Structure formats: structure tokens, C-alpha cells
Amino acid sequence: RSPKRAPHHGGSLFYRRIALASLALMMYAGVPVVMPGRHLCCGYPLLAAGAAEQYEVNLQRNRQVIAATLQAAAEAGFDVNMLVTACGSCRDSLARMKLNEQFPQLEQKDVSQIVLPLLQHEGMEAPVAPGTNVLYHAACHCEWAGVPTLKGQAQLTGALEQLCKVKVSTIPGCCGESGMGAVTSPTIYNLLRARKKERLAQAFEPQPQTGACYAGPILVGCPSCKIGIARCLIQLKEKHPVLHVLEWLANQVD
């Protein structure tokens, strides 16, 4: 149903369900997908840890594998024009490969950026009770490519609200994970995490109108954020599922 084909990279290093959800949603939305023949890591944790030499080695290896995948797909008659991720940090790292110099038609996008409008166009409505409230943690690396961060976050939450008929409340602030940042610079990231825990605790307080506390999931758009938010919840002794937006959406669809 769609002429666009996208090689998928990212999301499965920590949680393979994110990558599986990405693939399922793209196929459900009619987007054919080309996969590299081996698992690849974008290397952002190396970059965050200051391991510049190892990062560059990984970058060049990734570039060779992805370029070979794109070339093989083109020779097989496929028009591959998107390189997609389920993580803004992965997109940042992959942009450093400058693949568009060799493949000028290649765009970089987030999976949610592709599937949400397509599912809306198909008339799909996720079976969520109207008026359901969902909490969303905004990632430092915006999930929506090609727009400023705050605008991208608003576009993602707006698309979710429109498609699923839910109310999405954004919880700002860094989760305190940032790839390997929490390990390499704990003083800085512990401070960021403390601020995030305060904001999460406020979101869990009883609502003035009903007195009810939030009992739903925390949605994220980044695998690293899924780790960071889960750690915050453990320290707060709060039991909420932490789901990537694509995991949550795939659960609603199927």
C-alpha cells in the first residue's frame, strides 16, 4: 500500500520488544521494511561515555553494513528512501554516518512519525476507553525528526491523542540515564534524576476532582529513557509499567 521502504535500526539493544513493535506497526500500516542482516548498535553509549575512538570504529562498521544493505535492496528493485529508528539518540548517531551523501534520497525518521499518520489515514482507532489519561515522558532527543524538540514532542502527543482518543500529559525533564551518562557522570545525572523523581511524584498525587491517583503506564519514546524512568519508579516505590510509545500502540492494535 505504500511505495516507501525503510531499513530499521535501533531499539532492540535493550528491549527487543520495541523493535518487534516497530516492525509490526510498520507492516500493519503498509510500509515494507528492509532489515540489515545482523544486529547493529548505533554506538551512542560509547559517544556519551567519551570513547571517541571506539565510537568512530563502530560508526564506520555500521556505515559499511547499512550501505551494503541499501545497495543490495536497490539491486533487488526496492526503492528504499527512509532510515528509521525507535530512538532519537540512535537517529542522532546514525546522522553522523552521512549516508545521504551516498544515498541522497534517504530520509531519517522515527517509526512513530511514520506510522501514526498512516494509521490515522487508515481509520484505525485503538481500543482505548475515551478520555483515558496517559502520562508521557519527553525524551531529550526528540522522537519527531526535522522539527525543534518542543514542537516535535507536541506533534507526537497530539498524534497519539488524535489516533487513540486519549489525553496525553507530558512530564518534562531528563530521566537521568542518557546512554552511559549515568555511569560516567553520576554527579550530574543523579541531580537530573532527582528532579525527574520530583515531577513524577507530583504526577502521581491524587487528583483534586476525583481524589484518584494515576494507575496507568508511563510512555517513553527512547529505550534509554525506559531504563531511566524505571529506575526512578523503583526509587519512588511506584509500580507503573514503563512502555515505549510503539510498544503501547502495538498492544492496542494487536
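Residues numbered from 1 in each chain as written. Predicted model: local features only at pLDDT ≥ 70, side-chain atom pairs only at ≥ 80, totals over all residues. Heavy atoms only, no water.

1. Digging into the environment of A21
At step 1: With respect to the element layout, A21 can be found in helix α1 (residues 16-28).
At step 2: Not counting residues up to four positions away in its chain, the partners in contact with A21 are L246, E247 and A250. (Helix = DSSP H or I, 4+ residues; strand = E, 2+ residues; numbered from the N terminus. Contact = heavy atoms within 4.5 Å.)

2. Let's talk about the sheet that holds strand β8 (residues 242-244)
At step 1: Read from one edge to the other, the open sheet built from four strands follows the order β6-β5-β7-β8, with strand pairing classed as parallel. Pairing within the sheet leaves two strands with one partner each, and these edge strands are β6 (167-171) and β8. Across the sheet, the mean angle separating the axes of adjacent strands is 35° when strand polarity is ignored.
At step 2: Pairing of strand β5 (residues 133-137) with β6, which is carried by five bridges, proceeds in the parallel orientation. Looking at β6, one finds that N133 is bridged to K167. (Pairing = 2+ DSSP bridges. Axes fitted to C-alpha atoms, helices over the stretch in contact; angles between N-to-C directions.)

3. Looking at the pattern of salt bridges
At step 1: Overall, the coordinates contain three salt bridges when judged by the stated rule.
At step 2: R96 serves as the salt-bridge partner of D92, at 3.0 Å between the closest nitrogen and oxygen.
At step 3: Taking relative accessible area as the criterion, D92 reaches 26% and is therefore assigned partly exposed.
At step 4: The partner of E247 in a salt bridge is K226, and the shortest N-O contact between them spans 2.7 Å. Within this pair, whereas E247 is found in helix α10 (residues 245-253), its partner K226 is found in helix α9 (residues 223-236), the two being separated by 21 residues in sequence.
At step 5: One continuous salt-bridge network, built from bridges that share partners, spans R17, K226 and E247. (Salt bridge = Lys/Arg side-chain N within 4 Å of Asp/Glu carboxyl O. Buried < 20%, exposed > 50% of the residue type's maximum accessible area, 1.4 Å probe, protein only.)

4. Thoughts on the nonpolar core
At step 1: By size, the foremost hydrophobic cluster in this structure holds 69 residues, and its most contacted members are I66, L99, V115, L116, L219, I229 and W248.
At step 2: It is helix α3 (residues 52-75) that contributes the most residues to this core, seven residues altogether.
At step 3: Apart from residues lying up to four places away in sequence, V115 is in contact with L25, M26, A29 and L246. (Core = buried A, V, L, I, M, F, W, Y, C linked by side-chain atoms within 4.5 Å.)

5. Section: helix α5 (residues 111-121)
Residues lying three or four places apart along an α-helix face the same way, a consequence of the helix completing one turn every 3.6 residues.
At step 1: Among the residues of α5, V111, S112, Q113, I114, V115, L116 and L119 are the ones counted as buried.
At step 2: For α5, the secondary structure elements touched by its buried residues are α1, β3 (82-85), β4 (107-110), α6 (149-164) and α10.

6. As for the side chain of S89
At step 1: With respect to the helices and strands, S89 occurs in helix α4 (residues 88-95).
At step 2: On the accessibility criterion, S89 (11% relative accessible area) is buried.
At step 3: Among residues more than four places away in sequence, those in contact with S89 are C42, Y44 and H141.

7. Focus on the environment of Y28
At step 1: Residue position: Y28 is located in helix α1.
At step 2: Distance in space between the C-alpha atoms of Y28 and A250 is 9.5 Å, their sequence separation being 222 residues.

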